[in-house]
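Examination of the molecular architecture
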Amino acid sequence: MTETRQDGRAYGVDSEVGPLRTVMLHRPGNELRRLTPRNNDKLLFDGIPWVGRAQDEHDAFAQALRDRDVEVLYLGELLTEALDDPAARAQAITGATEDLRLGDTLRDYLRAALGELDPAQLAETLMAGIRNDEVRAGGLVTSLLAHEDFLIDPLPNLLFTRDSSVWIRDSVAVTSLAMPARMRETQLTEVIYTYHPRFAGVDKVYDHQLEHVEGGDVLALGPGVLAVGVGERTTPAGVERLAQRVFAKDLAHTVLAVPIAQQRATMHLDTVCTMVDTDAVLMYPNMAEQMRALAVTTDGDQLHVAEPEPFLVAAAKALGIDTLRRIDTGLDPVTAEREQWDDGNNTLAVAPRVCIAYERTVETNARLEESGIEVVRISGSELGSGRGGPRCMSCPVLRAPTAT
Ligand SMILES: NC(=O)NCCC[C@H](N)C(=O)O
């Protein structure tokens, strides 16, 4: 049963660690079956996952959440339900076929063909894409394209629901993804939040046509305080725009802009830093010392940007606490680097001092436990090939407030 908060809403997130009540996941499906050695780099996977095993691992992840009384929503199901609405269908079909590579003839053909599908088939097609040899479109463009070319690209990174939307208090930010392979994902989250009855009337604080901001970069350190990584994905202009938007709606009083290295291993802030308690963060030791933050605030008119400070200092100040504890994994740099690559720093807190982590990051997990954090281990040998851990694979929709 859906838990509703005292104000009657079934959504809202104002911390990283408040007891998790509702989360949106995406069970990997046919979109992963589109990955080949020829396209996996472009589609941002480091290998070709065994899909059946990835689904088993994902089901175990969902079960671990349900065992802790978390309601699990699936993106694919929400999308199917949203696509019952004719306006949602029209928007989704237009978005999926606006690619200039198609040309008019093929576009018209695809629009008509997609229009014939029922909501479940349409959702499946929007997620898994369409290959040239799967349709009998006819015409010049079809003839010139290779059989295996995609007319609508598959979206294997839907698995990482963290990135395509993020709840900031009672508002949702539909994000603006930077990598071409992922941009279309937010057309789907936009459809869900606009047309699914569960989210009727929800306030949207960001949209997918604005400057790039990815959900994996956005951490709700505590009520009113966001940390936003700026690196390979979220741009400086993105964090500026997000700050303007959240301040205008009074959703935060401080946004910490946190520069992170522009490389794949550290693509999002949550690949190097996740919270495991109201006042404790797990940080990648090889970067912890250098991490700086620029505190952004507002006087109601303009943004004020403070000088860079050590991340933990700036974060504690913004939260109004003495210190934010860094869980020191004490790992040697090589072990730390290996475990960070395997998403050891990408934990998902289900409550203060309880987090979900991949079992393979043995040393990081052991250090967390030594620091008093309960670790719920899940296997991720196949899921991990997309380079994302439990936090990346989850979009919290409702968290209870933490005790103050
Ligand atoms: N928040 C995250 O770090 N998400 C992981 C995203 C992995 C995906 N293959 C990507 O490269 O975007």
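Our subject in this report is the structure included herewith. Bear in mind that the values here come from a model prediction, so they are computed numbers and not experimental data.

1. Side note on the side chain of Arg182
Assignment of secondary structure puts Arg182 in the loop between β6 (171-174) and α8 (185-195). There is a polar contact of 2.8 Å between the side chain of Arg182 and the side chain of Asp163. Non-local contacts of Arg182, meaning those with residues more than four positions away in its chain, are made with Leu44, Asn157, Phe160, Asp163, Leu177, Arg233 and His268.

2. Re the site of the ligand
Neighbouring residues of the ligand: 15 residues in total, closest Asn157, Arg182, His268, Gly386 and Cys392. Asp270 is positioned with one of its side-chain polar atoms (N or O) 3.1 Å from a nitrogen atom of the ligand. Surface burial for the ligand is 100%, taken as the share of its 350 Å² of free accessible area covered by protein chains. Split by residue class, the shell around the ligand holds four nonpolar, five polar and six charged.

3. Details of the sheet that holds strand β7 (residues 203-206)
One open sheet accounts for three strands, arranged β5-β6-β7; its pairing is mixed. Since the sheet does not close on itself, it has two edges, and those belong to β5 (165-168) and β7, each with one partner. Within the sheet, the average angular offset between the axes of one strand and its neighbour, ignoring direction, is 35°. Sheet topology note: the β6/β7 ladder contains three bridges and is parallel. Bridged to Val172 within β7 is Lys204.

4. Here we look at helix α5 (residues 119-128)
Those residues of α5 that fall on the buried side of the exposure criterion are Leu122, Ala123, Thr125, Leu126, Met127 and Ala128. Among the structural elements, α2 (75-82), α3 (86-96), α4 (103-115), β3 (130-131) and α8 are those in contact with the buried residues of α5. For α5, the N-terminal cap is Asp118; the gap from its side-chain oxygen to the backbone nitrogen of Ala120 is 3.1 Å. Backbone geometry just downstream of α5 places Gly129 in the positive-phi region, at approximately 80°.

The rules behind each value
- Residues numbered from 1 in each chain as written.
- Predicted model: local features only at pLDDT ≥ 70, side-chain atom pairs only at ≥ 80, totals over all residues.
- Heavy atoms only, no water.
- Helix = DSSP H or I, 4+ residues; strand = E, 2+ residues; numbered from the N terminus.
- Polar contact = N/O pair within 3.5 Å; in protein donor to acceptor, adjacent residues only side chain to side chain.
- Contact = heavy atoms within 4.5 Å.
- Near = heavy atom within 4 Å.
- Areas by Shrake-Rupley, 256 points an atom, 1.4 Å probe, with all protein chains shown as cover.
- Nonpolar A, V, L, I, M, F, W, Y, C, P; charged D, E, K, R; others polar.
- Pairing = 2+ DSSP bridges.
- Axes fitted to C-alpha atoms, helices over the stretch in contact; angles between N-to-C directions.
- Buried < 20%, exposed > 50% of the residue type's maximum accessible area, 1.4 Å probe, protein only.

Worth remembering: the numbers are spatial, not functional.
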